[in-house]
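Here's the letter readout for the chains.
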Amino acid sequence: MKVRTRFAPSPTGFIHLGNIRSALYPWAFARSQGGTFILRIEDTDLERSSQAAVDVILEGMRWLGLDPDEGPFFQMQRMDRYREVIAQMREQGLVYPCYMSVAELDALRERQMAAKEKPRYDGTWRPEPGKTLPVPPEGVQPVLRFRNPVGGSVVWEDKVKGRIEISNDELDDLVIARPDGTPTYNFCVVVDDIDMRITHVIRGDDHVNNTPRQINIFRALGQEPPVYAHLPTVLNEQGEKMSKRNGAKAVTQYRDEGYLADGVVNYLARLGWSHGDDEIFSREQFLAWFDLDHLGKSAAQFDEAKLRWVNAQHMKATADDALALLVRPLLEKRGIAPDERLPAICGLFKDRCDTTLVLADWAQRFYVDVEPNADEAAKHVTDGVRPAIGMLAKMLEGCPWTKEDIAEAVKETLRATGLKMPQLAMPVRVLVMGTAQTPSLDAVLALSLRQKVLDRLRRA
Ligand SMILES: Nc1ncnc2c1ncn2[C@@H]1O[C@H](COP(=O)(O)OP(=O)(O)OP(=O)(O)O)[C@@H](O)[C@H]1O
């Protein structure tokens, strides 16, 4: 059986890391099994859904490289299909019209609560052999209810939560179509999962309560339900469920803050799944290792500091050219036109940067005149070292502009003045780069323009 998975977001705003992790796992499972990953937009909540929100979902998924093989399919475009299945279920007696008004339902609920019973529909309009139904009221459009099985229970082997058993007595006869004929959520999901031949439903555990209802509809339609994996909630840093409603950031904001797609994928992969003690892995390794047997069982808390650390490891592992491609537009946005030095600059500084924004800050120092940090200048650029700085400037005037030749000129200056390396290297870094906290002097100077270096040294 070929694996088919889906991500089924509702386009009601942006998507956050909790949502996108529910896309990452079905995507990874499909990829790792040579299967198919499907995107389905659940846009039946017309008041809250928007095209802008669909675009944001697509943009976030594209950035992280979670491309669907099929879709996006839109539920609003499948209404005819849902109506067709409803008609078929009516014919087969799997659903029945219910004329109970909202006021009657409310009164029923109050009576049940007063009697300390669990509020549920009482089956007034459910046809049974030998039962006389009430007379339908004039001019009232009924809802359609699903004939939930009576007695017994629904059982499934959840890939995360293990065996779950829910008694049918706990389940109401679910409304599957409203008075105007529009289908309801759980019903549409089942029709979609059947039509899209979904084999594994991997989604957040906020859906666990829907699952027994959906399984009963599957069976009524003569289909075996898929395998379910209900992922534990992603909590925010305050320990609440991450949600649009409590300040979660949009996925694309992490891109704008300089995170790498591979870093975010790695971080999210580990937030709810493990492969031994491996913390840092590539996308290829993740896909080779991913399975549903090592999903975490408890809620995972988002930790931005950890995300930064994971991202830093990916910065180190990313090729200089690839980093330069990401840093270039950041510099251009700041009015800087980077040249062919940029990949080497990225290579020299990537070890000390956890985001591309931080890397761009370093690269910027090679393209604009930076003021030396006042404290560092006062500490390192002393009268005692000025003659040596002058001598180095003189030597650098005619020296070939390579790291080796520059290193030789620095050594020569140290020999002639009797200074130690840091005594000369620190002030020169402060003067040229604005700070002493840089990689080795010869490497930094070789990537700086000679004229800029000479100007800065002479100014001292
Ligand atoms: N905090 C979370 N942790 C894990 N999964 C989540 C979280 N929030 C949403 N999901 C999952 O994201 C997927 C898409 O859901 P959907 O688009 O309906 O988002 P949502 O639940 O409306 O999000 P929000 O609560 O922020 O509005 C579903 O599989 C859902 O279970």
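All figures in this text were calculated on a predicted structure; none of them were measured in a lab.

*Asks:* Would you mind going over the overall build of the protein with me for this structure?
*Replies:* Each helix and strand in the protein was counted, giving 19 helices and 12 strands. When the backbone C-alpha atoms are referred to their principal axes, the protein occupies close to 110 × 40 × 40 Å. Taken across its 460 residues, the protein has 49% of its residues classed as buried. Residue pairs at least 24 apart in sequence account for 75% of intrachain contacts in the protein once pairs closer than 6 positions are excluded. Per element, the accessible surface of the protein, about 21,800 Å² overall, is 51% carbon and sulfur. Of the charged side chains in the protein, 60 are positive and 66 negative, and the gap between their average positions amounts to 2 Å.

*Asks:* Please explain the nonpolar core as it appears in this structure.
*Replies:* Across soluble globular proteins, you tend to see nonpolar side chains buried next to one another. Ile20 and Phe286 are the most contacted members of the largest nonpolar core, which has 50 residues in total. Every element with two or more residues in this core is listed here: α1 (17–32), β2 (36–41), α2 (51–64), β10 (227–231), α7 (251–256), α8 (261–270), α9 (283–289) and α10 (304–317). No other element matches the nine residues that α1 contributes to this core. When sequence neighbours within four positions are dropped, the list of residues in contact with Ile20 reads Ile15, Met61, Leu64, Leu66, Val251 and Leu268. The next biggest cluster of nonpolar side chains, apart from the first, holds 31 residues, and it includes Val95, Leu144, Val154 and Leu171.

*Asks:* Hey, could you run me through the environment of Thr5 in this one?
*Replies:* Topologically, Thr5 is positioned in strand β1 (residues 4–7). Look at Thr5 and you get buried, because its relative accessible area is 0%. Note: C-alpha distance between Thr5 and Ile198 (193 residues apart in sequence) is 5.6 Å. Residues within four places of Thr5 in sequence aside, it is in contact with Pro26, Trp27, Phe29, Ala30, Thr36, Phe37, Ile38, Ile198, His200 and Ile202. Among the polar contacts listed, one links the side chain of Thr5 to the backbone oxygen of Pro26, at a separation of 2.8 Å.

*Asks:* Help me understand the domain arrangement of the protein in this model?
*Replies:* By a widespread convention, an interface's size corresponds to the accessible area lost as its parts come together. Domains assigned within the protein are domain 1 (1–90 + 151–168 + 178–317), domain 2 (91–150 + 169–177), domain 3 (318–364) and domain 4 (374–459). Placing a centre on the C-alpha atoms of domain 2 and another on those of domain 3 gives a separation of 64 Å.

*Asks:* Could you clarify how one ought to interpret the site of the ligand in this entry?
*Replies:* By nearness alone, 18 residues border the ligand, and His16, Asp206, Val234, Met242 and Lys244 come closest of all. Here an oxygen atom of the ligand and a side-chain polar atom of Ser243 are 3.4 Å apart. Calculation on the ligand without its partners gives an accessible area of 590 Å², and the protein chains cover 91% of this total. Among the elements of the structure, α1 and β9 (200–204) are those that each provide at least two residues to the shell around the ligand. For the shell around the ligand, the per-class residue count stands at four nonpolar, nine polar and five charged.

*Asks:* Would you explain the pairing of β9 in this entry?
*Replies:* Two faces, one strand: in a regular strand the side chains alternate between the faces of the sheet. Counting buried positions along β9 yields five of five residues, so the element is predominantly enclosed. Both β9 and β10 contribute to a ladder of five bridges, which runs parallel. By the bridge assignment, Gly204 is partnered in β10 with Leu231. Taking the sense of rotation as the criterion, the β-α-β connection linking β9, helix α6 (residues 210–220) and β10 turns out right-handed.

*Asks:* Got a minute to help me understand the pattern of salt bridges in this structure?
*Replies:* Two side chains that carry opposite charge are able to pair once their charged atoms sit near each other. One pass over the full model with this rule turns up 41 salt bridges. A salt bridge links Asp383 to Arg386; the nearest nitrogen and oxygen atoms lie 3.0 Å apart.

*Asks:* Looking at this model, I keep getting lost on the sheet that holds strand β8 (residues 175–177). Mind explaining?
*Replies:* Paired through their backbone hydrogen bonds, the strands of a sheet run either parallel or antiparallel. Pairing is antiparallel in the open sheet, where three strands are placed in the order β4-β5-β8. With one partner strand each, in any of the chains shown, β4 (95–98) and β8 form the two edges of the open sheet. Going from strand to strand, the sheet's axes swing by 45 degrees on average, the running direction of each strand aside.

*Asks:* Just to check I follow, could you spell out the packing of aromatic side chains for this structure?
*Replies:* Within a pair of aromatic rings, the relevant descriptors are the distance that separates the centres and the angle that separates the planes. By the definition in use, this model includes 15 aromatic pairs. A ring pair is formed by Trp273 and Phe286, whose centres lie 5.3 Å apart and whose planes are at 70 degrees; its orientation type is edge-to-face. Of the two residues, Trp273 sits in the loop between α8 and α9 while Phe286 sits in helix α9, which places them 13 residues apart along the sequence. Residue class for Trp273 comes out buried when judged on its relative accessible area of 2%. Ring centres of Phe281 and Phe286 lie 6.0 Å apart, and the angle between their planes is 25 degrees; on these two criteria the pair is classed as stacked. Each member of the pair, Phe281 together with Phe286, is buried.

*Asks:* I'm lost on α8 in this one. Help?
*Replies:* Extensive coverage of α8 is indicated by the burial of eight of its 10 residues. Every buried residue belonging to α8 is among Ala261, Gly263, Val264, Val265, Asn266, Tyr267, Leu268 and Ala269, and all of these are buried. Against the buried residues of α8 lie α1, α2, α9, β12 (300–301) and α10. Of the residues one or two after α8, Gly272 is the one with positive phi, at around 130 degrees.

*Asks:* Looking at this structure, I do not really get the UniProt feature "short sequence motif: 'HIGH' region" (unreviewed entry) in the protein. What am I missing?
*Replies:* In this structure's numbering, the residues bearing the UniProt feature "short sequence motif: 'HIGH' region" (unreviewed entry) are residues 9–19. Note that residues 9–19 is 27% helix and 0% strand, and that its end C-alpha atoms are spaced 8 Å apart.

Cut-off values and rules
- Residues numbered from 1 in each chain as written.
- Predicted model: local features only at pLDDT ≥ 70, side-chain atom pairs only at ≥ 80, totals over all residues.
- Heavy atoms only, no water.
- Helix = DSSP H or I, 4+ residues; strand = E, 2+ residues; numbered from the N terminus.
- Buried < 20%, exposed > 50% of the residue type's maximum accessible area, 1.4 Å probe, protein only.
- Contact = heavy atoms within 4.5 Å.
- Areas by Shrake-Rupley, 256 points an atom, 1.4 Å probe, with all protein chains shown as cover.
- Lys, Arg positive; Asp, Glu negative; His and termini not counted.
- Charge placed at Lys NZ, Arg CZ, Asp CG, Glu CD.
- Core = buried A, V, L, I, M, F, W, Y, C linked by side-chain atoms within 4.5 Å.
- Polar contact = N/O pair within 3.5 Å; in protein donor to acceptor, adjacent residues only side chain to side chain.
- Domains from an automatic or database assignment.
- Near = heavy atom within 4 Å.
- Nonpolar A, V, L, I, M, F, W, Y, C, P; charged D, E, K, R; others polar.
- Pairing = 2+ DSSP bridges.
- Right-handed = clockwise from strand over helix to strand, strands pointing away.
- Salt bridge = Lys/Arg side-chain N within 4 Å of Asp/Glu carboxyl O.
- Axes fitted to C-alpha atoms, helices over the stretch in contact; angles between N-to-C directions.
- Phe/Tyr/Trp six-rings, centres within 6.5 Å; stacked < 30°, edge-to-face > 60°.
- UniProt positions renumbered as here; feature names shortened; annotations may be inferred.

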